[in-house]
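Secondary and tertiary structure notes
Okay, here's what each chain looks like letter by letter:
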Number of protein chains: 2
Amino acid sequence: MKLYDCAVAPNPRRARMFIAEKGIEIPKVEVDILGGENLKPEYLAINPRGLLPLLELDDGTRFDEVMAICRYLEELYPSPCLLGRTPVERAQVESLQRKMEFDGMIAGSEVFRNQHPQFANRSIPGGGGVEIEAIPALVQRGTQTLSRFFDALEAYLENSEFIAGDAFTMVDITAVCAVDFVGWVKISIPEGNARTKAWYEAVSARPSAKA
Amino acid sequence: MKLYDCAVAPNPRRARMFIAEKGIEIPKVEVDILGGENLKPEYLAINPRGLLPLLELDDGTRFDEVMAICRYLEELYPSPCLLGRTPVERAQVESLQRKMEFDGMIAGSEVFRNQHPQFANRSIPGGGGVEIEAIPALVQRGTQTLSRFFDALEAYLENSEFIAGDAFTMVDITAVCAVDFVGWVKISIPEGNARTKAWYEAVSARPSAKA
């Protein structure tokens, strides 16, 4: 296996944290998104959408979505469990992971891409080089969504150490990656959200957070 | 179990088709999204995000994301298998399902919600009643994404009867629901896409398509 990766990008970081929590080693191939290397013919031949991360198996099979990669690795390396231990837990992790992804990562991406000059023609990821103009109004919409993301996070942490309960899961990985990502656009955990701040410190102190 | 449902809405339809393919019966509670019933206090008490569908278990546990619902039901009722038979297939289904969802369902939602007067202050789902203004530029961006969705669909069907291979899966369910949904905004399978048209006819003829 090898992981096509980008050290600075938030979605590849989700996969790297997952892999680090599993305690496995997968060789990495760095692709420079900021420099546009993911939209050059060499990488588009590997992933026509130009997205990272991408996991390539030894037989050439490729998975180009973080959750597809994580789901595959969870089956190969079930311990420690990161996607839920029972059918109910797995459904809860799926549901919460999506909320962290949509309201955190994707809202952050809308705010970032639609105001950053380097992404003026790359309003959404996955265009594979097709120009899609920035839409400035998405900066406000994304900011509104992020405000709900932070409210929800504080609420989820009311009765448990981690977002999905007493165990660290992929939900925490996506959420901490989202929190750090939105820091790029100067949005941070609201001052009064003490539970979120404590959770953020604890999760950021895990060795996997530096993967 | 019971399913909070909305007969006309495209995401509840994904869950209903999945349930019908499994051959199981789950009582339904109809919630009228077009009339705004999902944003009234009664339903917000059940799902603060105001989203449909939602599966409620007999012990009160609730899952409010289509894929969380489907993942749970796949574990309880493994046959017929709709989310992949092996770790590789399950990762492929996850990856393709997401493409159908992001490039089809969500792009369609951007086009629909940002031009329909009834959604003028509901630019994205999940706001739970918080007003989020429509952004007309998303109609064009969504239309561009849908064009890529249809190209990809035709390509996926090059070597197989169904999108993820030789078996009908959740990928086909999300894709057919997306195709019918974007019909609301007068976007349809491009004239020359013969494989997609044949697939669409075959999938639409399954009894589950009427669920």
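Parameters and conventions
Residues numbered from 1 in each chain as written. Chains lettered and ligands numbered in written order. Predicted model: local features only at pLDDT ≥ 70, side-chain atom pairs only at ≥ 80, totals over all residues. Pairing = 2+ DSSP bridges. Helix = DSSP H or I, 4+ residues; strand = E, 2+ residues; numbered from the N terminus. Expected span 1.5 Å × (residues − 1). Buried ≥ 20, exposed ≤ 12 C-beta atoms within 10 Å, placed from the backbone. Contact = placed C-beta atoms within 7 Å. Right-handed = clockwise from strand over helix to strand, strands pointing away.

Some words on the sheet that holds strand E1 (residues 2–5) of chain A
Backbone hydrogen bonds hold the strands of a sheet together, and the pairing may be parallel or antiparallel. All names here are of chain A. Pairing is mixed across the open sheet formed by four strands, whose spatial order is E2-E1-E3-E4. Either end of the sheet is taken by a strand with one partner, and the two such strands are strand E2 (28–30) and strand E4 (62–63). As judged from the three bridges shared by E1 and E2, these two strands associate in the parallel manner. When the sheet's bridge partners are listed, Leu3 is paired in E2 with Lys28.

Quick notes on helix H1 (residues 10–22) of chain B
All names here are of chain B. Taking 1.5 Å of rise per residue, 13 residues should cover 18 Å, and H1 covers 19 Å from first to last C-alpha, within 8% of that figure. The buried count for H1 comes to twelve of 13 residues, which makes it a mostly enclosed element. Every buried residue of H1 is accounted for by Pro10, Asn11, Pro12, Arg13, Arg14, Ala15, Arg16, Met17, Phe18, Ile19, Glu21 and Lys22. Of the surrounding elements, those touching the buried residues of H1 are strand E1 (2–5), helix H3 (66–76), helix H4 (87–113) and helix H6 (170–183). Just past H1, the residue Gly23 takes up positive phi, approximately 75 degrees.

Here we look at the pairing of E1 of chain A
Residue and element names in this part refer to chain A. Direction of pairing for E1 relative to strand E3 (residues 54–56): antiparallel, over a ladder of three bridges. Across the sheet, Tyr4 pairs through a bridge with Leu54, a residue of E3. In the classification by handedness, the crossover that spans E1, the intervening helix H1 (residues 10–22) and the parallel E2 is right-handed.

Section: the environment of Phe150 of chain B
Residues and elements named next belong to chain B. Residue position: Phe150 is located in helix H5 (residues 137–156). Residue classification places Phe150 among the buried residues on the basis of 20 C-beta atoms within 10 Å. Measuring from C-alpha to C-alpha, the distance between Phe150 and Ser188 comes to 8.9 Å, with 38 residues separating the pair along the chain. Not counting residues up to four positions away in its chain, the partners in contact with Phe150 are Ile189, Pro190, Asn193 and Thr196.

Details of unusual backbone geometry
The omega torsion of the bond from Ser79 of chain A to Pro80 of chain A falls at -5 degrees, within 30 degrees of zero and hence cis. Mapped onto the elements, Pro80 of chain A comes out in the loop between helix H3 (66–76) and helix H4 (87–113). Looking along the chain, the bond that leaves Leu52 of chain B and enters Pro53 of chain B is cis, with omega of 0 degrees. Take Pro53 of chain B: it is sitting in the loop between helix H2 (41–46) and strand E3 (54–56). Look at Lys186 of chain A: it is not a glycine, yet its phi comes out positive at around 65 degrees. Position of Lys186 of chain A among the secondary structure elements: in the loop between helix H6 (170–182) and helix H7 (194–204).

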